[in-house]
Amino acid sequence: MGLTPREIEDRFEEAAITLRRLPNPKGSGPRGYGRSWPDYVQEAQHAYGYHEVRIRIVPTAAEIQRMDECIDWLRWLDLDDAKIVWLRAEGKRWRQVCILAGCVRQTAWRRWAAALLTVAKHLAADNKRASTQRTATSVPKSLQ
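Overview of the structure. (Residues numbered from 1 in each chain as written. Predicted model: local features only at pLDDT ≥ 70, side-chain atom pairs only at ≥ 80, totals over all residues. Heavy atoms only, no water.)

### Section: the overall build of the protein
Stage number 1. The helix and strand inventory of the protein stands at five helices and zero strands.
Stage number 2. A burial count over the protein gives 23% of its 144 residues as buried.
Stage number 3. Summarising the internal contacts of the protein: among those between residues at least 6 apart in sequence, 74% fall at separations of at least 24. (Helix = DSSP H or I, 4+ residues; strand = E, 2+ residues; numbered from the N terminus. Buried < 20%, exposed > 50% of the residue type's maximum accessible area, 1.4 Å probe, protein only. Contact = heavy atoms within 4.5 Å.)

If you want it as structure tokens, here you go:
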């Protein structure tokens, strides 16, 4: 049983949310070049307790695994189509997607829908291939 295009769309949206929730290391450069001192507070209004508390919920290992799987699905698509799919997964409006992709809304929507169908087709083929391999490697009951 493969995923429907709607389920694939949901998985891409979940992957984009998971990617945003991943912790971002402060120093994106090599380790050992960061500062060990905390940030210096210049004004009292920037001190601890004056700002709204933001809690970061770190994704689970299963969510990260599903995100990696969705990102692998993008390899099956043309670069422009993958860009459209990912922009929509990030929650961008169609107007922004069209500007960034360089096409009109109807074309962007058609390419997005076709890309979701392409992913569904690849997943169905992979599921079919995996099921035939399982049946080919299973031992017949007469030999048990």
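### Comments concerning the packing of aromatic side chains
Stage number 1. All chains considered together, the criterion is met by three aromatic pairs.
Stage number 2. Taking 5.7 Å as the distance between ring centres and 80 degrees as the angle between the ring planes, the aromatic pair formed by phenylalanine 12 and tryptophan 73 counts as edge-to-face. Here tryptophan 73 lies in helix 2 (residues 61-73) and phenylalanine 12 lies in helix 1 (residues 5-21), a separation of 61 residues in the sequence. Across the pair, tryptophan 73 and phenylalanine 12 agree in class, each one buried.
Stage number 3. Aromatic side chains tryptophan 109 and tryptophan 112 sit 6.5 Å apart centroid to centroid with 50 degrees between the ring planes, which places their arrangement in the tilted category. Taken together, the residues span about one helical turn, with tryptophan 109 and tryptophan 112 both in helix 5 (residues 105-137) at a distance of three residues.
Stage number 4. Owing to a relative accessible area of 11%, tryptophan 112 belongs among the buried residues under this scheme. (Phe/Tyr/Trp six-rings, centres within 6.5 Å; stacked < 30°, edge-to-face > 60°.)

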